[in-house]
Amino acid sequence: MYGRTTSSLTFTMPFRITERERFIRLNRDRRHLLPRALLLGLLAGGTAVVFHLGLDAGEAWRARMLRFAHGCDTSGMAIPVAVSALCVFLAAWLVERFAPEASGSGIPHVKAVLLGVRGFRWVRVLAVKFLSGLIGIGGGLALGREGPTVQMGAAVAAGLAAGLSSSPDERRALVAAGPGAGLAAAFNAPLSGLMFVVEELRGQCSSLEFFAAAIACLAADMVCRLVLGELPAFRVMISATPALDLLPAFVVLGMSSGVLGVAFNRALLAVQCWRPHRPAWRKVVWLGWGCSIGAIGWQAPALLGGGQGLVGRILDGEAGLALNLIPLYFAARFALTIGSYGTGAAGGIFAPILVLGALLGLAAGSAIQSLAPALIVEPKAFAVVGMAAFFTGVVRAPLTGVVLMIEMTGNYLLILPLLAACFAALVVADRLHDLPIYEALLERELHGSRARRSR
């Protein structure tokens with residue numbers, strides 16, 4: 001008996017000592033990382049808030065410009081066309097000339113940095129992303145602010161890590177946490193920012209990265225709430241939890257979102273492949289798309305920009321869209337987002353995806369309401385679920401989509417429909433053998449880098 005006890009102690013003691021040392025080392029690393037992650041959250045949140053306020057000012061300026069142009073009868077149409085053409089040209093030129101890695105949302109570039117296959121010229125990326133995003137989205141490109149804030153958060157993290165002489169582990173943790181802080185500040189959604197880091201940016205998130213991301217997201221959200229207010233991004237009044245009888249309808253909505261999400265991904269990638277190789281032709285495309293944006297804004301300004309205002313009106317029940325007009329709006333926003341992203345200017349697809357999902361859900365809810373008036377149906381509930389489901393169909397991050405909708409609306413009554421629709425979208429998109437959009441864009445970026453090096 002004594003021998004067996006001694007043998008057992010001899011076998012387990014080194015394991016216990018190793019675990020204790022690992023725990024002590026992890027706590028020491030966390031204490032050292034805490035103030036850096038806190039500072040990162042404050043800086044990333046401040047950057048996102050300034051960017052948010054700048055875009056709000058740009059939206060207000062564009063609205064005043066359109067009012068002035070409409071006061072000049074039909075000849076006034078030349079004003080928004082010329083202004084949008086100039087803004088799109090400048091936004092795309094800045095990216096191509098000074099920081100091509102700042103193109104689009106920038107999330108594939110951040111993923112490449114975290115994988116260790118790309119460097120990070122953080123000063124250039126931060127400056128170009130900020131200016132190009134302000135000019136392009138302010139000029140009417142149908143892109144969102146959250147992609148820029150994600151990459152700018154990563155740029156702030158890279159600069160902070162370099163300035164504080166961080167270790168490689170701390171640098172990786174901070175660069176992983178920065179994007180989450182940017183997303184948290186963009187949507188007033190700290191849990192969504194943290195979930196995005198875990199689910200999308202790192203895949204397998206270490207304890208140190210999770211800790212840094214949590215602190216940075218909370219600090220960034222605090223800055224956002226102090227400056228922009230504590231209300232959720234959208235206020236949705238749902239009278240009651242949807243009846244279980246409607247759950248199959250939410251599943252069908254999720255399946256439709258999966259199919260259309262795959263179509264969105266393939267269209268976005270196709271436009272990337274069709275981008276002209278010659279600089280002169282790219283400039284022609286920029287000017288042509290800018291003119292198109294200006295002409296559309298003259299007729300339907302709600303279709304331009306990130307689309308947060310349109311989503312807000314849908315969720316407030318004030319959009320005033322007839323059922324037969326919703327598919328037209330969906331198709332227009334779909335095309336505008338794909339074309340705007342194809343210019344290469346800085347801008348994200350998060351918000352445009354949510355707009356498309358809201359329109360899809362509104363169409364489903366309105367159709368059910370008209371076909372089955374005996375059922376108690378709230379179209380705006382379907383709009384909320386459609387946002388998360390379409391996001392899942394495109395990005396393949398269902399938990400981020402569910403948490404984002406809960407935080408953005410401040411409503412917990414739709415958890416079951418959200419989960420059912422999001423996982424239905426995930427299953428359908430996976431069955432269609434489609435890569436998540438950021439993985440596909442990363443694969444394309446890495447393939448392009450290898451091709452350039454081989455020349």
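All values derive from a computational prediction rather than experimental measurement.

**A word on the packing of helix α12 (residues 326-342) against helix α13 (residues 350-371)**
- At a minimum axis distance of 10 Å, the contact between α12 and α13 shows a crossing angle of 165°. By the criterion of interaxial angle, the relationship of α12 to α13 is roughly antiparallel. For the pair α12 and α13, the sense of crossing is left-handed. Of the residues in α13, those touching α12 at I326, Y329, F330, R333, F334 and T337 are P352, V355, L356, L359, L360, L362, A363 and S366.
- Across the contact of α12 with α13, the residue classes break down as 11 nonpolar, two polar and one charged.

**Focus on the environment of F130**
- Mapped onto the elements, F130 comes out in helix α4 (residues 122-138).
- Sequence-distant contacts of F130, that is, excluding residues within four places in its chain, are made with T47, V50, F51 and M152.

**Some remarks on the packing of aromatic side chains**
- The full count for this structure, using the stated rule, is 11 aromatic pairs.
- A ring pair is formed by F196 and F350, whose centres lie 5.6 Å apart and whose planes are at 75°; its orientation type is edge-to-face. Of this pair, F196 sits in helix α7 (residues 190-201) while F350 sits in helix α13, and the two are 154 residues apart along the sequence.
- According to the relative accessible area criterion, F196 is buried, its value standing at 0%.
- Among the residues examined, F350 registers a relative accessible area of 1% and is labelled buried.
- Ring geometry for F264 and F334: centres 5.5 Å apart, planes at 85°, overall edge-to-face. Within this pair, whereas F264 is found in helix α9 (residues 247-273), its partner F334 is found in helix α12, the two being separated by 70 residues in sequence. Exposure class is identical for F264 and F334. Each is buried.
- Among the aromatic side chains, those forming a connected cluster through ring pairs are F187, F196, F350 and F391.
- Of note, R97 hangs over the ring of F98, and the distance from its end group to the ring centre comes to 5.0 Å.

Definitions and limits used
Residues numbered from 1 in each chain as written. Predicted model: local features only at pLDDT ≥ 70, side-chain atom pairs only at ≥ 80, totals over all residues. Heavy atoms only, no water. Axes fitted to C-alpha atoms, helices over the stretch in contact; angles between N-to-C directions. Helix = DSSP H or I, 4+ residues; strand = E, 2+ residues; numbered from the N terminus. Parallel < 35°, antiparallel > 145°, perpendicular 65-115°, else oblique. Left-handed = near helix turned anticlockwise from the far one by under 90°. Contact = heavy atoms within 4.5 Å. Nonpolar A, V, L, I, M, F, W, Y, C, P; charged D, E, K, R; others polar. Phe/Tyr/Trp six-rings, centres within 6.5 Å; stacked < 30°, edge-to-face > 60°. Buried < 20%, exposed > 50% of the residue type's maximum accessible area, 1.4 Å probe, protein only. Lys NZ or Arg CZ within 6 Å of the ring centre and 35° of its normal.

Geometry only, nothing functional implied.
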